[in-house]
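# Report on the structure
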Amino acid sequence: MTRFTKRATMLTSAALLIAGAAQAQQAAAPPRAAKKPFQVVSPNGARDDAYYWLRDDTRKNPEMLAYLAAENAYADAQLAPLKPLEAKLYAETVSHIKQDDSSVPYARNGYYYGSRFATGANYPVIERRKGTPTAPATMLFDEPAMAEGHSYFALSDWAVSPDNARVAWAEDTVGRRQYVLKVNDLASGTALPDTIPNIEPNVVWADDNRTILYVAKDPVTLRGVKVMAHVLGTPATADTMLYEEKDETFQMSIARTTDDRFVCIRVESTVSDEQRCAPAAAPTSFTVLAPRVRDFRYGADHQGNRWIIRTNRAAKNYKLVTLADADLAKGLAAWRDLTPASDSVFIEGFKPFAGFVAIDQREGGNRMIRLLTDAGKAIPVKADEPAYRMALDVNEEPSTPWVRYTYGSLVTPTTTYEVNAKTGARRVLKVAPVPGYDPANYVTERVWTSARDGARIPVSLVYRKGVKRDGTAPLFQYAYGSYGISMDPAVDPGRIGMLDRGVVYAIAHIRGGQEMGRGWYDDGHLLNKKNSFTDFIDVTRFLVAQKYAARDRVAAMGGSAGGLLMGAVANMAPADYKAIVAQVPFVDVVTTMLDASIPLTTFEYDEWGNPAQKPFYDYMLSYSPYDNVAAKAYPALYVGTGLWDSQVQYYEPTKWVAKLRELKTDANPLLFRVNMEAGHGGKSGRFERFRQNAEWQAFVLDQLGATGAP
């Protein structure tokens with residue numbers, strides 16, 4: 001840093017502090033961003049965007065930073081009266097967290113791996129024990145120490161070499177998901193000099209214990225573009241490229257198969273997949289299992305002498321097929337059905353074992369587990385609640401008959417089980433501790449309502465016993481509804497304080513997810529996207545009509561693509577909501593999807609559409625929250641973003657807030673919280689998430705008139 005740039009930085013920092021202080025002194029007047037002429041040009045016409053200047057990819061523009069500082073100062077001033085409630089909510093949340101908690105150890109290659117938190121620690125220690133779960137522990141990662149000095153820290157994917165001598169991992173200290181590859185020698189505990197920046201959080205060892213495969217990112221779009229092989233002790237510039245993906249609509253990942261015999265590169269888009277695999281002993285020449293074809297999806301794993309493949313080929317809700325090693329060259333003609341296609345059962349995933357397959361599936365809006373033996377015997381794993389979630393857990397030993405999975409609901413804490421595929425016997429390994437919480441005090445329901453076009457929408461509910469269904473209770477409704485991602489019920493320590501204050505909590509399983517199968521997703525994306533928004537509104541109106549909540553005491557929340565949902569709902573049905581929380585919201589849909597330099601854009605043409613094509617341009621423009629802000633009354637709004645967000649760039653919610661401030665006609669609060677040191681998920685650390693959540697929870701409870709002591 002030169003003397004000049006250092007001085008300029010100091011002056012900019014001083015200017016930000018002055019701007020923030022001045023704004024705090026004028027708390028009654030919300031910040032107003034300047035308007036500057038700019039046109040967003042596209043093949044289908046130009047649009048005026050007076051707040052486009054708030055985009056700065058370097059994140060150094062003093063005027064932009066001063067505006068963000070002013071928004072934070074304004075939020076601080078407006079929320080100051082709620083600080084006692086915020087502190088109380090945070091304290092209540094922390095009281096429901098077992099601070100010195102630890103995970104259930106799992107076995108892999110002669111060692112048991114697990115993690116544990118120390119009291120008060122934001123990050124865990126990851127360790128392993130040789131031979132048995134009770135053997136002396138050897139530390140792999142001291143995350144609290146690794147996070148020191150960083151305002152953000154994330155240790156993502158990590159992998160131990162086949163000879164158990166070294167560990168490679170990916171870490172991020174910015175929050176922009178540009179990970180750095182690092183390697184430690186486990187015997188000495190020392191770091192090796194091998195360091196590679198800007199990778200995906202995805203590392204795999206070859207059998208030689210010297211070669212690490214990783215996915216390198218494009219520095220601008222942050223798209224994973226190349227699979228590289230790095231040999232320990234050699235410079236990164238000497239790394240070998242094994243595969244390059246040139247289609248910008250695809251993303252990549254790498255993994256070893258369950259039996260460790262192969263390393264596979266998977267490229268996937270919204271509508272098609274391609275998988276190429278090579279022997280882990282020499283992962284240099286990769287064989288394509290099936291070439292990519294639009295609307296053909298598959299993912300394969302290997303166990304024994306066969307491939308097991310999840311595919312939508314002649315099965316919209318997916319099925320499992322097998323391919324014998326001896327028939328690999330025959331391709332699709334040699335695929336044999338292991339499970340039939342189904343209109344009601346959606347196969348989410350699977351894990352192969354010796355002698356059977358564990359299947360992760362959905363039916364009736366719930367996620368469940370089914371075991372299928374090689375002899376064709378099916379063993380369903382039962383549940384006793386109306387709305388729940390089962391999911392396969394870590395299963396690294398395919399030779400065992402015991403399958404590990406988790407179970408939970410909106411009242412039952414996550415419980416780790418093992419079930420025996422031979423006998424059907426089940427045993428509890430751990431119930432996630434939730435101090436000060438008694439499930440018997442709460443009720444969960446699964447209700448169904450009809451959307452305006454007749455579709456049946458499942459809704460998961462939880463509330464404290466004693467809350468009357470008389471149309472007076474406050475309601476907090478959440479949804480996501482994009483990418484085929486389903487929102488499953490679970491106990492959240494941060495939610496208990498709201499429930500104890502009489503709030504009814506609802507998850508609306510709207511179209512765009514896959515709770516009801518692939519068709520549920522198809523009916524909620526591309527030119528059907530508005531179904532997600534109207535489903536959410538219809539759920540709200542149903543719950544009010546059924547007297548679960550008061551008409552004027554409804555709050556809503558969504559994040560990322562769920563933030564798009566919130567922006568659309570705020571425009572379409574503002575009178576139905578007292579307050580809306582939109583976290584890292586994707587609200588400038590058309591402008592973002594026109595710009596292929598923005599991370600994720602090219603991946604998502606099959607999710608939202610390509611606005612270079614007029615039918616998609618017109619449809620996206622008709623619902624894009626930023627483009628549809630109008631001079632009318634809006635609910636109370638709390639909007640959050642992170643300056644370093646790589647998924648939804650900070651300037652989307654920034655521009656949206658600026659335009660709302662210009663046009664909205666109501667006196668309801670509009671607060672914008674900008675985390676200057678974080679990305680898409682906010683600040684890192686287990687307590688930081690709850691600390692941030694306590695702020696918007698206090699805001700919501702205040703708006704709903706539910707601030708009283710539980």
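Look up: the structure comes first, before these words.
Everything in this summary refers to the structure shown in the same document. As the structure is a prediction and not an experimental result, all values here were calculated from the model.

### Remarks on the sheet that holds strand S31 (residues 456-464)
Overall, mixed pairing links the 8 strands, which are arranged S30-S31-S33-S32-S34-S35-S36-S37 in an open sheet. The open sheet has two free edges, formed respectively by strand S30 (442-450) and strand S37 (670-675), since each of these has just one partner strand. Strand after strand, the sheet turns through a mean of 15 degrees between neighbouring axes, direction not considered. The pairing of S31 with strand S33 (residues 504-508) spans 4 bridges and is classified as antiparallel. When the bridges of S33 are listed, Ser460 appears paired with Ile507.

### Considerations on unusual backbone geometry
Although it is not a glycine, Leu222 sits at a positive phi angle of roughly 60 degrees. Looking at the element boundaries, Leu222 is found in the loop between strand S11 (211-217) and strand S12 (224-231). The phi torsion at Asp295 lies on the positive side, around 70 degrees, for a residue other than glycine. Looking at the secondary structure, you find Asp295 in the loop between strand S17 (287-290) and strand S18 (298-303).

### Points about the pattern of salt bridges
According to the stated counting rule, one finds 52 salt bridges in the structure shown. Put simply, Asp260 and Arg256 hold a salt bridge, and the shortest N to O gap is 3.1 Å. Because the salt bridges share partners, they merge into one network encompassing Glu348, Asp360, Arg362, Arg367, Arg389 and Asp488.

### Describing the packing of helix H3 (residues 83-95) against helix H13 (residues 686-704)
Following both chains from N to C, one finds H3 and H13 inclined at 135 degrees, their axes separated by 8 Å at the closest point. The angle between H3 and H13 places the two elements in the oblique class. Here H3 runs over H13; the crossing is right-handed. Only Phe687, Phe690, Arg691, Ala694, Glu695, Gln697, Ala698 and Leu701 of H13 make contact with H3, whose side of the interface consists of Lys83, Leu85, Glu86, Leu89, Tyr90, Thr93 and Val94. Among the residues forming the contact of H3 with H13, the class breakdown is 9 nonpolar, 2 polar and 4 charged.

Criteria and thresholds
- Residues numbered from 1 in each chain as written.
- Predicted model: local features only at pLDDT ≥ 70, side-chain atom pairs only at ≥ 80, totals over all residues.
- Heavy atoms only, no water.
- Pairing = 2+ DSSP bridges.
- Helix = DSSP H or I, 4+ residues; strand = E, 2+ residues; numbered from the N terminus.
- Axes fitted to C-alpha atoms, helices over the stretch in contact; angles between N-to-C directions.
- Salt bridge = Lys/Arg side-chain N within 4 Å of Asp/Glu carboxyl O.
- Parallel < 35°, antiparallel > 145°, perpendicular 65-115°, else oblique.
- Left-handed = near helix turned anticlockwise from the far one by under 90°.
- Contact = heavy atoms within 4.5 Å.
- Nonpolar A, V, L, I, M, F, W, Y, C, P; charged D, E, K, R; others polar.

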